[in-house]
Amino acid sequence: MPIDNQNEERKEKLKDIIKTKDSLAFIGAGCSKQCGYPYWKELLQLMREEVIRLHPSRESEIDILMREKDKLWIAQELRKSIGEESFSSLIKKNFEPKREAMNQLYRNLVNINFKHFLTTNYDTLIEQSIRFLPTNFDHFCWYEEEKVQNFIRSLTLKTTPNNSTRYIFYLHGRFDSPSNNIVLSERDYARRYKEGNLASKAIWMTAAIKNVIFIGFGFEDFDLLNIFREVKWELGNEKDPRHFAIIGLKPNEDTIHKRNYLLDKYGIQSVFYEVKVERDEFCETCKRPLFSDEENHDNLENLISEIANTTGCYIREYALQDQTISSDESHKIFEYTKRHIEERERE
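None of these values were measured; they are calculated from a predicted model.

Analysis parameters
- Residues numbered from 1 in each chain as written.
- Predicted model: local features only at pLDDT ≥ 70, side-chain atom pairs only at ≥ 80, totals over all residues.
- Heavy atoms only, no water.
- Helix = DSSP H or I, 4+ residues; strand = E, 2+ residues; numbered from the N terminus.
- Buried < 20%, exposed > 50% of the residue type's maximum accessible area, 1.4 Å probe, protein only.
- Contact = heavy atoms within 4.5 Å.
- Areas by Shrake-Rupley, 256 points an atom, 1.4 Å probe, with all protein chains shown as cover.
- Core = buried A, V, L, I, M, F, W, Y, C linked by side-chain atoms within 4.5 Å.
- Salt bridge = Lys/Arg side-chain N within 4 Å of Asp/Glu carboxyl O.
- Axes fitted to C-alpha atoms, helices over the stretch in contact; angles between N-to-C directions.
- Parallel < 35°, antiparallel > 145°, perpendicular 65-115°, else oblique.
- Nonpolar A, V, L, I, M, F, W, Y, C, P; charged D, E, K, R; others polar.
- Disulfide = S-S within 2.5 Å.
- Patch = residues over 30% accessible without salt bridge, like charges linked within 9 Å, V, L, I, M, F, W, Y side chains within 5 Å.
- Lys, Arg positive; Asp, Glu negative; His and termini not counted.
- Charge placed at Lys NZ, Arg CZ, Asp CG, Glu CD.
- Pairing = 2+ DSSP bridges.
- pLDDT = per-residue confidence, 0-100.

### Points about the overall build of the protein
Along the backbone of the protein there are 16 helices and 11 strands. When each of the 347 residues of the protein is scored for burial, the buried share is 50%. Expressed as a percentage of contacts within the protein between residues at least 6 apart in sequence, the contacts between residues at least 24 apart total 78%. Carbon and sulfur atoms form 47% of the exposed surface of the protein, whose accessible area is close to 17100 Å².

### A closer look at the nonpolar core
Ranked by internal contacts, the top residues of the largest apolar core, which has 54 residues, are Ile-27, Met-47, Leu-78, Ile-91, Phe-117, Ile-215 and Ile-246. Filtering out sequence-adjacent residues up to four positions away, Ile-91 remains in contact with Leu-43, Glu-96, Tyr-122, Phe-175 and Ile-182.

### So, the pattern of salt bridges
Close approach of charged atoms allows side chains of opposite charge to pair. One pass over the full model with this rule turns up 18 salt bridges. Between Arg-53 and Glu-50 there is a salt bridge, with its nearest N and O atoms 2.7 Å apart. Residue Arg-53 and its partner Glu-50 are both found in helix H3 (residues 40-54); the two are separated by three residues, about one turn of the helix. The closest approach of N and O atoms between Arg-79 and Glu-84, which form a salt bridge, is 3.0 Å. One network of salt bridges, with partners in common, ties together Glu-8, Lys-11, Glu-12, Lys-15 and Glu-306.

### Concerning the packing of helix H12 (residues 222-235) against helix H13 (residues 255-266)
The interhelical angle for the contact between H12 and H13, taken along N-to-C directions, is 65 degrees, at an axis separation of 7 Å. It follows that H12 is roughly perpendicular to H13 by the angle criterion. Judged by residue contacts, Phe-222, Leu-225, Phe-228, Arg-229, Lys-232 and Trp-233 of H12 engage Tyr-261, Leu-263, Asp-264, Lys-265 and Tyr-266 from H13. When its residues are assigned to classes, the contact of H12 with H13 shows seven nonpolar, no polar and four charged.

### What about the state of the cysteines?
A full pass over the atoms with the stated rule returns zero disulfides. Of the cysteine sulfurs around Cys-31, a residue in no disulfide, the closest is that of Cys-35, at 7.9 Å. Residue class for Cys-31 comes out buried when judged on its relative accessible area of 0%.

### Regarding a negative patch on the surface
A cluster of acidic side chains, namely Glu-68, Asp-70, Glu-186 and Asp-223, defines a negative patch on the protein surface. Position of Asp-70 among the secondary structure elements: in the loop between helix H4 (59-65) and helix H5 (71-82). Look at Asp-70 and you get partly exposed, because its relative accessible area is 41%.

### Some thoughts on the sheet that holds strand E5 (residues 212-215)
Spatial ordering of the open sheet is given by E3-E4-E2-E1-E5-E6-E7, a layout of seven strands whose pairing is parallel. With partners counted over all chains shown, the strands left at the sheet margins are strand E3 (137-141) and strand E7 (268-274), one partner each. Across the sheet, the axes of successive neighbouring strands diverge by a mean angle of 20 degrees, strand direction being ignored. Those strands touched by helix H9 (residues 145-155) are strand E1 (24-27), strand E2 (116-119), E3 and strand E4 (166-170), and its axis lies near 125 degrees from that of E3.

### A short note on helix H7 (residues 104-111)
Counting buried residues along H7, eight of its eight residues qualify, which places the element largely inside the surrounding structure. When we look at burial in H7, the residues that qualify are Gln-104, Leu-105, Tyr-106, Arg-107, Asn-108, Leu-109, Val-110 and Asn-111.

### Observations concerning the confidence of the model for the protein
This prediction gives the protein a mean pLDDT of 84; 82% of its residues lie at or above 70. Within the protein, the element-level pLDDT minimum falls on helix H15 (residues 316-320), averaging 46, and the maximum on E5, averaging 97. Below a pLDDT of 50 lies the segment residues 316-327, which in the model reaches 24 contacts outside its immediate sequence neighbourhood of four places, other chains included.

### Quick word on the side chain of Lys-210
Looking at where Lys-210 falls in the secondary structure, it is placed in the loop between helix H11 (198-209) and E5. Setting aside residues up to four positions removed in sequence, Lys-210 forms contacts with Asp-22, Leu-24, Lys-115, Leu-155, Met-205, Arg-242 and His-243.

### Digging into the environment of Phe-140
Tracing the sequence through the fold places Phe-140 in strand E3. Judged by relative accessible area, which is 0%, Phe-140 ranks as buried. Sequence separation between Phe-140 and Phe-151 is 11 residues; the distance between their C-alpha atoms is 9.4 Å.

### So, unusual backbone geometry
Despite not being glycine, Lys-21 has its phi angle at roughly 65 degrees, a positive value. Tracing the backbone shows Lys-21 in the loop between helix H1 (6-19) and E1. Judged by its relative accessible area of 24%, Lys-21 is partly exposed. Of note, the phi angle at Phe-219 is positive, near 55 degrees, even though the residue is not glycine. Residue classification places Phe-219 among the buried positions, given a relative accessible area of 10%.

Following this line, the structure appears as structure tokens:
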């Protein structure tokens, strides 16, 4: 189904909110997927392969486990089978900084005047991209209480990204976090989102008083989304929803259904972009692809670039560049990030 006329109206409203320089970006795995990092389902497959490598005789048992519907429980069982040391190594190997990972999407994201960044990703692409801008930034993880407190205080300050520290808040840990602070499995989520957790309070407060813009988020993280659901019902902001999501729309998907679901359940308005799907072979009888579809999300990068250039970004030339990052520049970013990580580990 084609994108309807309401989409343009919502996109303009989204731009107006971003122009206030007081909204927060929520960066999901869909953005990092564009840079070569694994998506949620791909990470589970990597964990499956690691279990089988360590325990070859359990392959049939693990394949049965992978057919379960509860993905958090699957992750928990796989994690137990891998062991914490191997799990930590797997996360570091797959989400550590990569020389070739930087792309224009992230350069434009950090160039937009977002007050802060929230992310459930383990990679450091936001950090790697933001260091080229004339702005102060700091990053922290959900278990660093003093920095979470500073983040909460910043939400009520009348400052803009130009004259304050921009925070990068890792809601589920960072690739180099201690393994017990990486949020991935059922047990992790139960501990991370328990009542009274300071980081959860920070998310509640963010959802209550700020505009949050979801980008590359799959909306399958129900423990996190439940905070937005609670805020919607407790504060009654149904007439003027404050949050937005930039969402890819595949061919034959219904815009009305998608839009109404997020709006009614979480108070989140949708701005769509078209996803191009390339199918190698299609069965006309069953009306289904015979092979996995390849999704092209170039229109996400185009939309983010448009927003960056029409809402007053930090460096116009930085946003206008449409070429890939040079190998020399990528190498400098990589070395900077690695050095920063090493310094943090020595502290």
